[in-house]
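# Structural features, examined
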Amino acid sequence: MAKIRHNNIIDTVDAVLAVSKKKGIIHLHAEDEALSGNSLILNGKQVLHFGTCGYLGLEHHPALKRGAIDAIERFGTQFPMSRTYISNPLYRELEALIQEMYKVPVVISKNCTLAHQTTIPGIIRQTDLVILDHQVHASIQEAVKKLLAQGVAVEMIRHNNLEMLEECIKKQRNKYSRIWYMADGVYSMYGDYAPIKEMIALAEKYEQLYLYVDDAHGMSWAGEHGTGYVMSQMDGVLYRKMVLTANLGKAFGSCGGLSLFPDEEWYNKVNNFGGPLTFSVQIEPATLGAAIASAKLHLSDEIYTYQQELQKRIAYFNTLLKQTDLPLVHENNSPIFFIGTGTMEMGNYLVRSLLNDGIYVNLATFPAVPAKNIGIRITISLNNSFQDIEQLVAKLSANFNKALIETNQTQEKIRKAFKIPMPAPTALPAQPTITHNALKLQSYSSVQSINEAVWNNYLGHEGMFDWRGMQFLEKSFSSNNETENNWDFRYYVVTNQEGSIILMTFAVIALHKEDIFAQASVSKVIEQERSLNPQYLTAKGIMLGSLFTEGKHMYLNRSNANWRSALTMVLQELFKEQDREQVSNIMLRDFDTNDQVMHEFMIDQGFVKIDLPDSCVVENLSGQSEEAYVSGLSRKNRRHYVQKIKRNQHYFNVEIKSRLTEAELAHAFSLFRNVKERNLAINNYLFPEKLFNEINKSPDWEFIVLYLKEEFSDNRKPVAVCFCHINAANIYSPMLIGMDYEYLMEFGIYRQALFQVINRANKLNCAKINFGISATLEKQRIGAVIYPKVGYFQAKDNFTMELMEATFMIEKE
């Protein structure tokens with residue numbers, strides 16, 4: 001019954017990246033006739049290149065080029081066979097060299113992503129538990145997702161939080177044979193490190209704990225023989241309970257993924273039949289030839305010269321950065337740096353400005369980082385001279401301060417978003433003065449502070465949230481025993497110099513379930529955990545509108561030239577509320593899905609677009625009889641009416657009640673609870689009994705009550721109750737429904753109740769019915785128009801989103 005349109009993370013990411021692509025920030029093409037690694041030609045202009053992962057510049061080393069060319073001459077462009085049968089002759093030589101570097105068995109895959117897909121299913125069993133670091137690379141998370149379908153349990157901890165990891169181990173160690181913690185050695189966005197030594201100490205403390213670490217970004221520039229950052233933390237000896245993966249691409253200068261094992265047993269399990277290892281084509285001879293040449297270089301003293309020279313450049317960049325006010329998120333000696341911009345708007349602006357000024361850097365955007373933690377990712381390589389680095393810092397600093405002004409950002413906002421301390425006040429550049437064209441924002445905590453006629457003129461015709469409806473909500477969701485049913489209301493009105501209203505809206509601050517719009521199968525698993533831990537995956541949030549209402553919650557005069565400024569003022573006020581109330585996330589709801597102008601504006605402000613359940617509306621009612629209304633339906637829907645609704649009408653007595661007795665209200669509440677407990681497609685808290693008492697007392701509400709006739713049932717109690725609101729504009733809104741599931745299928749209770757709502761609205765001469773969300777197909781069949789809706793979401797971090805994406809099996813509904 002409650003199937004709804006759920007958000008797809010791919011659509012969310014696509015919506016974010018489409019804005020950057022439109023602005024010429026991503027999906028660019030290098031236009032060079034030949035590459036040196038120092039610069040690129042982009043959009044017809046030569047720019048210094050600070051976005052490579054080739055940290056040592058080995059992709060241009062003469063020995064690697066000769067190795068690739070020689071391999072092609074000897075073995076051709078490919079060796080098109082599965083390695084299960086025969087490997088290219090170059091594999092044996094490369095494997096021997098890698099084993100000489102690491103002193104352990106190795107499996108070589110075509111790339112690091114395939115290495116994870118080869119190795120992880122080979123070593124993890126159904127009796128194991130996998131724990132993911134929040135920021136572990138997406139390629140690992142994708143490989144782990146496949147284990148969910150096999151019944152492997154997966155959990156996630158916050159980034160580098162070993163206390164959280166240990167708590168998880170203590171809780172789960174009696175249930176699983178092995179517990180695998182998966183992390184990166186060097187994290188690809190901020191350039192920070194995994195605490196390898198502390199992880200090993202924890203694994204020594206708990207024998208069940210095993211480590212799976214990806215050192216793709218740590219290879220070559222660190223460690224003996226360039227074996228990487230992780231090996232450098234283990235004195236060059238692979239820990240007995242660690243599987244290490246590394247990359248023959250990036251700093252190594254070739255391509256391929258390494259899976260390194262502390263013993264022959266795991267090696268044999270993966271090497272004998274490792275999924276992609278068996279079914280994918282082999283690494284091309286040219287790539288193997290380059291990898292062999294690089295491995296020989298790594299086994300020579302030449303690698304240490306390269307490592308030292310890179311560290312000099314990294315140290316120089318760090319020194320120059322300290323002379324600026326640029327918000328560096330994490331300082332260390334890795335070649336990856338992250339400068340925070342906060343919003344997408346400033347990130348896009350800064351990257352574009354730097355491109356125009358001869359500097360290329362990467363934009364770091366959602367979902368790699370939270371939508372409020374956008375920034376630029378800078379990588380230093382041996383291809384960058386000290387003079388290049390000086391140019392980078394000078395131009396970065398100048399363009400950063402320019403971007404602050406042009407996008408109305410401030411150092412304070414950015415540093416607060418990334419929890420970076422403010423520098424000394426004397427060191428700060430002049431902050432931009434934010435003006436909003438003489439607009440005035442007024443905020444209130446109760447609708448009673450706003451004139452009833454004014455409120456109803458702008459928002460009272462939308463749904464049940466007319467002025468009296470808001471009074472009703474304020475009363476219903478206050479002084480309740482349950483924390484989640486006590487809401488703080490906020491009302492915002494923006495006017496211009498003439499006093500004309502440009503924007504009016506309201507929001508609530510409330511505790512909510514973070515899986516409210518997740519797949520029902522995900523919520524089912526989460527609810528099992530909540531039976532033991534009621535606060536699991538719950539958070540305090542700000543929501544435009546409320547957790548009870550549905551519809552267009554914001555009036556915004558888009559014909560006014562200052563509408564963007566008005567909306568920006570409200571967003572800034574919401575951000576202040578977020579800090580004051582310690583709120584985790586902000587949700588702006590119920591926008592039109594095809595509003596591209598609003599979409600680009602909200603992405604710039606640090607929000608991501610997510611799909612929300614469709615709105616269902618019956619429009620253009622005119623007080624028709626049931627027969628007249630049905631005649632206006634499509635032929636297919638008329639047939640549905642005859643077969644599924646009219647045929648069952650004789651089973652029911654239908655009564656309209658303005659008030660229920662105490663016993664009737666208690667029964668109606670129990671029927672609603674039946675629906676709520678079965679409907680995890682929209683997973684929110686059970687509304688308080690006080691709400692139902694207030695409904696029963698309010699003149700703006702009524703009940704459509706369905707009874708089964710005596711000849712069909714001995715049950716004298718209602719089998720369905722619709723809780724319906726009539727607003728100041730005479731719009732009918734069936735807000736809640738309760739049903740007796742014992743009779744649901746046999747008598748078609750739900751469809752009957754829906755159609756009785758239409759009959760009642762027609763009798764009251766209502767022009768429109770807001771049918772709310774869920775069960776869109778059933779509502780469409782009786783004449784509802786379906787309006788796809790989107791929301792704009794911003795969270796302090798991506799932890800919960802990625803936890804649900806990576807650790808819960810989504811079943812087909």
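The shown structure was predicted, so the numbers you read here are calculated from the model rather than taken from an experiment.

Each value, and the rule that gives it
- Residues numbered from 1 in each chain as written.
- Predicted model: local features only at pLDDT ≥ 70, side-chain atom pairs only at ≥ 80, totals over all residues.
- Heavy atoms only, no water.
- Helix = DSSP H or I, 4+ residues; strand = E, 2+ residues; numbered from the N terminus.
- Rg over C-alpha atoms; globule rule 2.2 N^0.38 Å.
- Buried < 20%, exposed > 50% of the residue type's maximum accessible area, 1.4 Å probe, protein only.
- Contact = heavy atoms within 4.5 Å.
- Areas by Shrake-Rupley, 256 points an atom, 1.4 Å probe, with all protein chains shown as cover.
- Lys, Arg positive; Asp, Glu negative; His and termini not counted.
- Charge placed at Lys NZ, Arg CZ, Asp CG, Glu CD.
- Disulfide = S-S within 2.5 Å.
- Salt bridge = Lys/Arg side-chain N within 4 Å of Asp/Glu carboxyl O.
- Axes fitted to C-alpha atoms, helices over the stretch in contact; angles between N-to-C directions.
- Parallel < 35°, antiparallel > 145°, perpendicular 65-115°, else oblique.
- Left-handed = near helix turned anticlockwise from the far one by under 90°.
- Pairing = 2+ DSSP bridges.
- Patch = residues over 30% accessible without salt bridge, like charges linked within 9 Å, V, L, I, M, F, W, Y side chains within 5 Å.
- Phe/Tyr/Trp six-rings, centres within 6.5 Å; stacked < 30°, edge-to-face > 60°.
- Lys NZ or Arg CZ within 6 Å of the ring centre and 35° of its normal.
- Nonpolar A, V, L, I, M, F, W, Y, C, P; charged D, E, K, R; others polar.
- pLDDT = per-residue confidence, 0-100.
- Polar contact = N/O pair within 3.5 Å; in protein donor to acceptor, adjacent residues only side chain to side chain.

## Overview of the overall build of the chain
When you go through the chain residue by residue, the secondary structure sums to 28 helices and 26 strands. On C-alpha atoms alone, the chain measures out to a radius of gyration of 31 Å, which is about the 28 Å that the 2.2 N^0.38 rule sets for 813 residues. Expressed as a percentage of the 813 residues in the chain, the buried residues total 59%. Within the chain, contacts between residues separated by at least 24 positions form 76% of all contacts whose residues are at least 6 apart in sequence. When the accessible area of the chain is evaluated, it comes to approximately 33,500 Å², of which 49% is carbon and sulfur surface. Taking the average place of the 82 positive charges on the side chains of the chain and the average place of its 89 negative ones, the gap between the two points comes to 4 Å.

## Some remarks on the state of the cysteines
Under the counting rule described, the total for this entry stands at zero disulfides. You can see Cys53 has no disulfide; the closest cysteine sulfur is in Cys112, sitting 12 Å from it. On the accessibility criterion, Cys53 (21% relative accessible area) is partly exposed.

## A short note on the pattern of salt bridges
In total, this model carries 40 salt bridges according to the counting rule given. Between Arg83 and Glu95 there is a salt bridge whose closest N-O contact spans 2.8 Å. Linking Arg83 in the loop between α2 (62-75) and α3 (89-102) with Glu95 in helix α3, this pair joins segments that are 12 residues apart in sequence. Residue class for Arg83 comes out buried when judged on its relative accessible area of 16%. A relative accessible area of 17% means that Glu95 is categorised as buried. Two residues, Asp579 and Lys416, come together in a salt bridge whose shortest N-O distance is 3.3 Å.

## Things to note about the packing of helix α6 (residues 162-172) against helix α7 (residues 196-205)
Between α6 and α7, the least distance of the axes is 11 Å, while the angle of their chain directions is 15°. When the axis of α6 is compared with that of α7, the two are roughly parallel. Considering the relative orientation of α6 and α7, their crossing is right-handed. Every residue of α7 that contacts α6 at Leu162, Leu165, Glu166 and Ile169 is listed here: Glu198, Met199, Leu202 and Lys205.

## Observations concerning the sheet that holds strand β12 (residues 362-364)
Within the open sheet, the three strands sit side by side as β10-β13-β12. Their pairing is antiparallel. Each having just a single partner strand, β10 (336-342) and β12 make up the two edges of the open sheet. Geometrically, the sheet is characterised by an average inter-axis angle of 30° between neighbouring strands, direction not taken into account. The strands touched by helix α15 (residues 411-418) within the sheet are β10 and β13 (374-379), with β10 carrying the most contacts at an inclination of about 120°.

## Some words on the environment of Leu35
Examined against the element boundaries, Leu35 turns out to sit in the loop between α1 (9-22) and β1 (39-42). Sequence spacing of Leu35 and Lys690 is 655 residues, and the spatial spacing of their C-alpha atoms is 70 Å. Among residues more than four places away in sequence, those in contact with Leu35 are Leu40 and His60.

## A word on a positive patch on the surface
On the surface, a cluster of positive charge is contributed by Arg635, Lys636, Arg638 and Arg639. Here Lys636 lies in helix α22 (residues 635-645). For Lys636, a relative accessible area of 62% puts it in the exposed group.

## Quick look at the packing of aromatic side chains
Per the counting criterion, the structure on display carries 35 aromatic pairs. Residues Trp487 and Phe489 carry aromatic rings whose centres are separated by 6.3 Å and whose planes lie at 45° to one another, so their mutual orientation is tilted. The pair formed by Trp487 and Phe489 is uniform in burial state, with each residue classed as buried. The ring of Tyr210 carries the charged tip of Arg178 above its face, separated from the ring centre by 4.8 Å.

## Some points on the packing of helix α4 (residues 112-123) against helix α5 (residues 138-148)
Taken N-terminus to C-terminus, the directions of α4 and α5 make an angle of 35°; their axes are 9 Å apart at the nearest point. Handedness of the crossing formed by α4 with α5: right-handed. Within the contact between the two elements, α4 uses Thr113, His116, Gln117, Ile120 and Pro121 and α5 uses Ser139, Ile140, Ala143, Val144, Lys146 and Leu147. Residues that form the contact of α4 with α5 fall into these classes: six nonpolar, four polar and one charged.

## Focus: the sheet that holds strand β9 (residues 257-260)
Strand order in the open sheet formed by seven strands is β3-β9-β8-β7-β6-β4-β5, with mixed pairing between adjacent strands. Two strands in the sheet have a free side with no partner beyond their single neighbour: β3 (106-109) and β5 (153-157). Adjacent strand axes in the sheet meet at a mean angle of 20°, parallel and antiparallel pairs treated alike. Pairing between strand β4 (residues 129-133) and strand β6 (residues 179-184): four bridges, direction parallel. For Val130, the partnering residue across the bridge sits in β6 and is Trp180. Each of β3, β6, β7 (209-214), β8 (242-247) and β9 is contacted by α4, which is oriented at about 165° to β7, the strand it contacts most.

## Overview of the environment of Ala753
Mapped onto the elements, Ala753 comes out in helix α26 (residues 749-763). Taking the C-alpha atoms as reference points, Ala753 and Met598, 155 residues apart in sequence, are found 37 Å from one another. Here Ala753 is in contact with Leu706, Cys722 and Ile737, once residues within four sequence places are set aside.

## Side note on helix α17 (residues 467-476)
For α17, the tally of buried residues reaches seven of 10 residues, placing the bulk of the element in the interior. Each element contacted by the buried residues of α17 is listed here: α16 (452-458), β15 (488-495), β16 (501-513), α24 (689-697), β22 (701-708) and β23 (720-726).

## A word on the pairing of β10
Within β10, seven of the seven residues are buried, which leaves the element mostly enclosed by the surrounding structure. Residues Ile336, Phe338, Gly340 and Gly342 point to one face of β10 and Phe337, Ile339 and Thr341 to the other, with burial holding for every one of them. Bridge count for β10 against β13 is six bridges, and the pairing is antiparallel. Paired with Gly340 across the bridge in β13 is Gly375.

## What to know about the confidence of the model for the chain
On average, residues of the chain score 93 in pLDDT, and 97% of them are at 70 or above. Note that residues 426-435 has pLDDT below 50 and, in this model, 15 contacts with residues that lie over four places away or in other chains.

## As for the side chain of Asp32
Residue placement: Asp32 occurs in the loop between α1 and β1. Buried Asp32, no salt bridge; nearest opposite-charge side chain is Lys65, N-O distance 13 Å. Of note is the side chain of Asp32, whose polar atom sits 2.9 Å from the backbone nitrogen of Ile41. Apart from residues no more than four positions distant in its own chain, Asp32 is found in contact with Ser39, Leu40 and Ile41.

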